[in-house]
Every structure is written in structure tokens, then in C-alpha cells.
Amino acid sequence: MPVASMNMILITIIVYFVFVISLSEQGSINDHMCQINRGLLCVKDELATIARKAQEIARTTLEIEQEIKQRITMGTLNKYVNIEMNSTHASLPSLYYHLHFFQKSNIGKEYLIKLLLEAHNAMIYFSNTIDDLRHLDDFFAQKIDDRFKKIQTSLKDQIICRYRNVLYVYSQSWQSMYEVNDRIEFSKMIHSDSSDVHSVRSIVIGRHLWQWMEDLTAVIGKLEGKLVGFQMVLKLCNMVQMRTFIFIILVNLFLSVDSKEHGKVNRDICPTTTITLCAREVLQEIRTTANQIHPLTLQIEQNIHRRDPNKVTLENNIIYKTTILNITFPSSKTHDQFMHMNNIDKSDLVHLIKEADYAVSYLYKSIVNLRQAETASKEDGDNALFHQVEQLLEEGMICNYRDILHTYAEKWSSTNDIDGIEVGRTRKRDITSCIYHTQIVITVRLLRQWMELINYTVDILEKKLL
């Protein structure tokens, strides 16, 4: 094959992949309308801003109708308004997922995405409709047109672009302004002058838009409760220590809702993953847990040093064993690189979370291995502290990391596939106190290092996000 032909094929492949990447991040055609916030850590805050802007738009639509009624005598125009309100219903954007939302006890990620896309497309629809209204160029309606222009700007900058920020967090593409061509389809009103047509259409657009803003705000207000419902039940079961069979009934009840969205039940230590509306809050929970674990590791190490009479031998064993085990320890390469970076994006954040999740899972399994070790030197105090650390790692860190990864449509390594630090064995059934103490100190020191690293990373994370 000629070199020129090969070069052309390579160029075509490169252009194709660039195009595909553009689709995945910015919709199928880039309309260059929004500068996507790639460092958004709290979807809940973005949705709250959308709800506030929607309420402002709703108030403006009511003011527009009042202005029109004060400027002209409605008379027979009321009849036309009623006719147009009824006839335009068929061309209104779909409210299917927003209306059915209130009939559901909880929702999954798939339904949430459908809600977001439905609202996103509806806002483009109303922006298109406002364009049509302003192109009527009614001289006497300039003030009304100016108010609709402000609504249109708010729809684009404060609602559509913010929906895209949220969709980007959930790794979901969207349609561009060029692809959503729908708008309200009005009748001709042949026997009416242009001013009357403009007034009628302004009122009809305002009323339909008001209803959408009300529904949108109501859904956002209820959203978090329906997304975290399953998690709340799990926590309630832990608090009141309900009987196992009641817990199973509740789990089956919640899993039966939107079962197609949940898919297979996760058999790992986290019974299920949930979509989070605010990764910042989840990361703060992780940081709080790291701060709770840190003093426990110090207490465990102090207990070992207090009980072991051969402190010099113990420390030498720790140094020697750490050197051997070091190559099996979880990597902190991404965290180390993060410390030297001025800014990071969503991709960097995902790599950080994956690395931390693996490290914490590795440490969790290391503690499980220690608790299962058969040794005569084990004391009740060790078991109680290890049990506390184990629970904190599972509930406060691993499951939280996985909720974030699930939100970002990312995968993670199952805890069942991670070995952790294996407790050394002798020919006897019980391991020696020396080996056991060495393994404990190595584990808690590594655990302490990671808790310090995670704590510091979360502390400075948002300042580096683009």
C-alpha cells in the first residue's frame, strides 16, 4: 500500500477518535455554549442553583403576563389564550420522568439521568420558542421581548449549562442546541394583528414555562431523599440492631424497586452502592473517618510495645519484614503526583479515588488477616480495637469511595480479590508472638501513613480541581 494512502488512513482514524471523545464529553455536536465545570464536586449545590434560577424565571413569567394585561385590554384575547393553551399541549416537551418521579419511592442512577436529560432538552425547547417569539419583531412589545431575552439567557447560562455540568459528572452525553429543534407550535391567528399575536404567545409561553419551572423545582427538592433512601434504611438497621430476617425483608423490598437499574446485588463488603449528589460531603466523611482511625493505630502500637519485652528485637524484625513486604504494599504514586500538580480534572480525581479505595481495601484485608490469625498472644483489647478499625474502614471509607466511583460510572477492585498483608506461619498451628506483633505494627504504621495521606489529600483537593 502506498505511503500516502497509509498516512491518510492514520489521519482518518485519529480524527475519528477525537470526534468520539468529543461526543462522550460534550454531546453529539458541540454547540460551544457552555464551559463545562470539570471539577464539580457537589452536584447538589449545582441543582440547588438551578432550582433558585427556575424560581426566578417562574416569577418573571407571572410579571410578564401582568405587564401585558396592564398594557392592553384583553377582551377576546382571553379566548385566544385559552385556545392556544389547549392546542399547544401536544407540542410541549415531555414531562414523563418528572411526573412519574413523584410516584416512585426511590430511584437509581438510570432514572436520574433520564430526569436530567428530560429537563435539559426542555430548557433548549423553551429557548427555541423564545427565539421564535422575539423574531415576531413587534414594535410595541420591545419591553416584553427584553424580559424574555433575559429569561433565555438565564435558561442557557444558569440552567442548561449547569445541567451539563451535572451530566458530565455522571459521564453522560447530551444533545446540543442544534439537535433539539422542537418548540411550541402555535396556530396562525390569521385575523389578528401582530401585536395581539405577540401578546397571546407571550402569555402562553409564560404559563407553560411557569409550569415547567414549578415541576423542575419540586423534583430537585425531593431528589436527594429518593436517591439515599436505601442507604438510610441500612443505617437505621445498624442503629437499632434489627433482627436479621427483618433486615433481609427490607433489603428485598428496596431491591425490588427499579430492579433493572440496580442490576446484580454486590456480594462484596458493601451491600449496595448508591449514587451521591455531593462527592464533597462524602469525601469529608472519609476524611473524618481517617481522623478517627489515626489515634486507634497509635493505641494499638502502644499496646504492642507495652506487652512485648524484646523491644529492640521487635523493631529490627519490623524493619526487616517491612523491607521484604514493601513491594506488595499499595502504590501511592497518584497521590504523590497530585501533591506536585497545580490543577487536576475529573480524570485525575477518579485515579486518586481508585488508588485510595484499593489501598484502604488492602489495609482492611490486612486487619481481617490479623484478626483471623491463631496466636496465643492475642488479647481481647486487640480484637476490640481491630474490630473498631475494621468497621470504620468498611463503612466510613471503602463504601463511600465506591459510592463516588459508582456515581462517576467507574469500576473498582472487589475486596475479595485483594489479599492484604498475609500473616506469616510457622510449622506449628499458632504463629509466634514475635511474628504476630511484627505484623500488627507493620499494618498499623502503613494504615496510619495512608490515613494521613488521605486526610491531607481531601483537605486540599477542591482547591486543585479545575
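As for the packing of aromatic side chains
So, step 1. Counting across every chain of the model gives four aromatic pairs.
So, step 2. Between the aromatic rings of Y97 and Y111, the centroid separation amounts to 5.4 Å while the plane-to-plane angle is 80 degrees, which identifies the pairing as edge-to-face. Within this pair, whereas Y97 is found in helix α4 (residues 96–101), its partner Y111 is found in helix α5 (residues 109–134), the two being separated by 14 residues in sequence.
So, step 3. Classification of Y97 by relative accessible area gives partly exposed; the value is 23%.
So, step 4. Aromatic pair F101 and F102: ring centres 5.3 Å apart, planes at 85 degrees, arrangement edge-to-face.

Some remarks on the state of the cysteines
So, step 1. Scanning all chains against the criterion turns up three disulfides.
So, step 2. The disulfide bridge from C42 ends at C278, spanning 1.9 Å between sulfur atoms. Between C42 and C278 the sulfur-sulfur dihedral comes to about -120 degrees; the bridge is accordingly left-handed. One end of the pair, C42, is in the loop between α1 (3–26) and α2 (43–71); the other, C278, is in the loop between α10 (259–262) and α11 (279–307), with 236 residues separating them in the sequence.
So, step 3. One disulfide in the model links C270 with C399; its S-S distance is 2.1 Å. Negative torsions about the S-S bond denote left-handed disulfides, and the value of about -105 degrees found for C270 with C399 makes this one left-handed. With C270 in the loop between α10 and α11 and C399 in helix α15 (residues 380–407), this pair connects stretches of sequence that are 129 residues apart.
So, step 4. For C399, a relative accessible area of 15% translates into the label buried.

Details of the pattern of salt bridges
So, step 1. A complete count under the given rule lists 20 salt bridges for this structure.
So, step 2. The salt bridge partner of R147 is E67, with a shortest N-O separation of 2.4 Å. Residue R147 is found in helix α6 (residues 142–169), and its partner E67 is found in helix α2; the two are separated by 80 residues along the sequence.
So, step 3. Classification of R147 by relative accessible area gives partly exposed; the value is 22%.
So, step 4. A single network of salt bridges, built from pairs that share partners, joins E301, E315, R445 and R448.

Describing the nonpolar core
So, step 1. Of all hydrophobic cores here, the largest spans 130 residues; its most connected members are L47, Y170, M213, L393, M451 and I454.
So, step 2. When residues no more than four places from it in sequence are discounted, the contact partners of L393 are I293, V360, L363, Y364, I367, I398, L447 and M451.

As for empty space enclosed by the protein
So, step 1. Counted under the stated rule, the structure contains four cavities of 30 Å³ or more.
So, step 2. Put simply, the largest cavity is a space of about 90 Å³.
So, step 3. Forming the boundary of the largest cavity are L283, H335, L349, L352, I353, A356, Y401, I454, T457, V458 and L461.
So, step 4. Its residues assigned to classes, the lining of the largest cavity shows nine nonpolar, two polar and no charged.
So, step 5. Estimated volume of the second largest cavity: approximately 60 Å³.
So, step 6. Broken down by secondary-structure element, the contributors of at least two residues to the lining of the second largest cavity are α5 and α7 (194–227).
So, step 7. Classifying every residue of the lining of the second largest cavity by side-chain character gives nine nonpolar, one polar and no charged.

Cut-offs and rules
Residues numbered from 1 in each chain as written. Predicted model: local features only at pLDDT ≥ 70, side-chain atom pairs only at ≥ 80, totals over all residues. Heavy atoms only, no water. Phe/Tyr/Trp six-rings, centres within 6.5 Å; stacked < 30°, edge-to-face > 60°. Helix = DSSP H or I, 4+ residues; strand = E, 2+ residues; numbered from the N terminus. Buried < 20%, exposed > 50% of the residue type's maximum accessible area, 1.4 Å probe, protein only. Disulfide = S-S within 2.5 Å. Salt bridge = Lys/Arg side-chain N within 4 Å of Asp/Glu carboxyl O. Core = buried A, V, L, I, M, F, W, Y, C linked by side-chain atoms within 4.5 Å. Contact = heavy atoms within 4.5 Å. 1 Å grid on protein atoms, 1.4 Å probe; cavity = no way out; pocket = protein on both sides within 12 Å on 5 of 7 lines; lining within 4 Å. Points joined across faces, edges and corners; volume = space filled by probe spheres on them. Nonpolar A, V, L, I, M, F, W, Y, C, P; charged D, E, K, R; others polar.

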